[in-house]
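Summary of structural features
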Amino acid sequence: MSLIICTVFEDHYHLGLLALTNSLYHQGYRGVIYAGYRGELPKWSDKAENTKDCCWPGLKILNVAEGLKVYFMPLETENELTNYKPDFMLRLINNPDIDASGIFYFDPDIVLCAPWSFYEDWINSGIALCEDVNSPLPINHPRRTAWRQYFSKNGIELSFKDSMYVNGGFVGVSRKEYGFIEKWKEIQELMGHQIGGLTKSIFSKIPLADDVSGPFAPFSKTDQDALNAAIEAWDGCYSLVGQEGMAFKPGAPQMSHALGSPKPWQMKHILYALGGRSPRRVDRDYWDVVDGPVKYFRKPFIIYQKVTMQIAIFICRFYKRS
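Here the structure is a predicted model, which means the values were calculated and not measured.

Focus on the overall build of the chain
- Each helix and strand in the chain was counted, giving 10 helices and 11 strands.
- Taken against the 2.2 N^0.38 rule, which gives 20 Å for 322 residues, the C-alpha radius of gyration of the chain at 20 Å falls within 12% of a compact globule.
- The principal-axis extent of the C-alpha atoms belonging to the chain is close to 60 × 55 × 40 Å.
- Counting all 322 residues of the chain, 55% fall into the buried class.
- Within the chain, counting contacts between residues at least 6 apart in sequence, those at least 24 apart form 74% of the total.
- If the 35 positive side-chain charges of the chain are averaged to one point and the 36 negative ones to another, these points end up 7 Å apart.

As for helix α2 (residues 85-93)
- The buried count for α2 comes to eight of nine residues, which makes it a mostly enclosed element.
- Along α2, the positions that sit buried rather than exposed are Lys85, Pro86, Asp87, Phe88, Met89, Leu90, Leu92 and Ile93.

With respect to the nonpolar core
- Among the nonpolar cores identified, the biggest contains 53 residues, and Tyr34, Phe88, Ile103, Phe151 and Phe180 are the most heavily contacted of them.
- Not counting the four nearest positions on each side in its chain, Ile103 is found in contact with Ile4, Cys6, Met89, Leu92, Ile93, Ile123, Val171, Gly172, Val173, Tyr178 and Ile181.

Looking at helix α9 (residues 281-289)
- Turning to α9, its buried residues number three or more, namely Val282, Asp283, Asp285, Tyr286, Trp287 and Val289.
- For α9, the elements touching its buried residues are α1 (14-26), β7 (110-112), β11 (255-257), α8 (269-274) and α10 (299-318).

Side note on the pattern of salt bridges
- Counting across every chain of the model gives 17 salt bridges.
- Between Asp87 and Lys185 there is a salt bridge, with its nearest N and O atoms 3.8 Å apart. Of the two residues, Asp87 is situated in helix α2 and Lys185 in helix α5 (residues 179-195); the sequence distance between them amounts to 98 residues.
- Connected through shared salt-bridge partners, Lys85, Asp107 and Asp223 make up one network.

Description of a nonpolar patch on the surface
- A grouping of Ile270, Leu274, Ile303, Val307 and Ile311 is seen on the molecular surface, where their side chains present a nonpolar patch of about 420 Å² in accessible area.
- Of all the secondary structure elements, the ones that give two or more residues to the nonpolar patch are α8 and α10.
- With three residues, the top contributor of residues to the nonpolar patch is α10.
- Within the fold, Ile270 resides in helix α8.

Some points on the pairing of strand β9 (residues 170-174)
- Counting buried residues in β9 gives five out of five residues, a clear majority hidden from the surface.
- Side chains Phe170, Gly172 and Ser174 project from β9 onto one buried face, and the interleaved Val171 and Val173 project onto a second face that is buried too.
- Judged from the five bridges that link them, strand β6 (residues 102-106) and β9 form a sheet pairing that is antiparallel. Paired with Gly102 across the bridge in β9 is Ser174.

Side note on the packing of aromatic side chains
- The final tally for this structure, using the stated rule, is 34 aromatic pairs.
- With a centroid separation of 6.4 Å and 80° between ring planes, the pair formed by Tyr37 and Phe72 is classed as edge-to-face. Highlighted residues: Tyr37 in strand β2 (residues 31-38) and Phe72 in strand β5 (residues 68-74), separated in sequence by 35 residues.
- By relative accessible area, which is 9% here, Tyr37 ends up buried.
- Note on Tyr119 and Trp122: the rings are 5.9 Å apart at their centroids and 45° apart in plane angle, and the pair reads as tilted. One end of the pair is Tyr119 and the other is Trp122, both in helix α3 (residues 116-122) and three residues apart, which spans about a single turn.
- For Tyr119, a relative accessible area of 0% translates into the label buried.
- With relative accessibility at 4%, the residue Trp122 sits in the buried group.

Considerations on empty space enclosed by the protein
- Under the defined criterion, the tally for this structure stands at two cavities of 30 Å³ or more.
- Estimates place the volume of the largest cavity at around 50 Å³.
- Taken together, Arg144, Lys161, Asp162, Met164, Val166, Asn228, Ile231, Glu232 and Leu240 make up the lining of the largest cavity.
- It is helix α7 (residues 223-233) that contributes the most residues to the lining of the largest cavity, three residues altogether.
- Class assignment of the residues belonging to the lining of the largest cavity gives a composition of four nonpolar, one polar and four charged.
- Reported here for the second largest cavity is a volume of approximately 30 Å³.
- Residue lining of the second largest cavity: Gly16, Ala19, Leu20, Pro108, Asp109, Ile110, Val111, Pro264, Trp265, Val282 and Tyr286, and that is the complete set.

Cut-off values and rules
- Residues numbered from 1 in each chain as written.
- Predicted model: local features only at pLDDT ≥ 70, side-chain atom pairs only at ≥ 80, totals over all residues.
- Heavy atoms only, no water.
- Helix = DSSP H or I, 4+ residues; strand = E, 2+ residues; numbered from the N terminus.
- Rg over C-alpha atoms; globule rule 2.2 N^0.38 Å.
- Buried < 20%, exposed > 50% of the residue type's maximum accessible area, 1.4 Å probe, protein only.
- Contact = heavy atoms within 4.5 Å.
- Lys, Arg positive; Asp, Glu negative; His and termini not counted.
- Charge placed at Lys NZ, Arg CZ, Asp CG, Glu CD.
- Core = buried A, V, L, I, M, F, W, Y, C linked by side-chain atoms within 4.5 Å.
- Salt bridge = Lys/Arg side-chain N within 4 Å of Asp/Glu carboxyl O.
- Patch = residues over 30% accessible without salt bridge, like charges linked within 9 Å, V, L, I, M, F, W, Y side chains within 5 Å.
- Areas by Shrake-Rupley, 256 points an atom, 1.4 Å probe, with all protein chains shown as cover.
- Pairing = 2+ DSSP bridges.
- Phe/Tyr/Trp six-rings, centres within 6.5 Å; stacked < 30°, edge-to-face > 60°.
- 1 Å grid on protein atoms, 1.4 Å probe; cavity = no way out; pocket = protein on both sides within 12 Å on 5 of 7 lines; lining within 4 Å.
- Points joined across faces, edges and corners; volume = space filled by probe spheres on them.
- Nonpolar A, V, L, I, M, F, W, Y, C, P; charged D, E, K, R; others polar.

What follows is the structure, encoded as structure tokens:
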């Protein structure tokens, strides 16, 4: 099965892409990672070469290891990149030079914990999705009700599927379900009218207006709310895993997802431990994979990070947030 992987990144998130790439390799993925980006390419991509193998202006290819490549694809959109996920996926699957039986999107702050064969099987069960920390939202939760009212005025009827509210950082779609990505894009564009445009999100430098950014606003999570509304607008099959899927709670995770900030590559472990904050699983997973095949950090720095994590864990045995 020719499954492809994509992500979008800018700024310091290249350090997340590095770990995502390494974890994919360690878990057995062989193929292409399509990485859409804005700004400058990272130093670790210096050996990437220009190519015309794929119909995409400015494309560069980095041979990471035997059987694994990263395609760096410059993006010209002004939208917040978190709002560009379905657009990017559609550009890839509609590209005549790319033939795929399915596509996975991963945020660049994710590290895989499960073998790639699990993902190959998962996508056969329906659209692959993971539960978010803000889940659940029951059938008549005010936000779900607001979604139904808003989209019905725009000719789209939503039908409740499950109280689980999914995270927007991961989605896997097989070729037979590609119509879901079209629906997601349509829903997101309609949402854009409500939040003041897709150049805005919960991560944008220019804050959302007060009437759409509060915890009770229907699109306070912007692109993630659009993804969950798209689930209600689509009639196909879904395969949902719980919060353990992204290591948000104990269990057997398929991946570790570094929500919020600081990111693992920004974490000052001992300083945070003195504030009662212990290292997370995603911090440990991150530093376990950054040593290759893509390399950026020097070995002594990686060892330093692992040692300070152990010290921080020890501190938090005695001093921890209540």
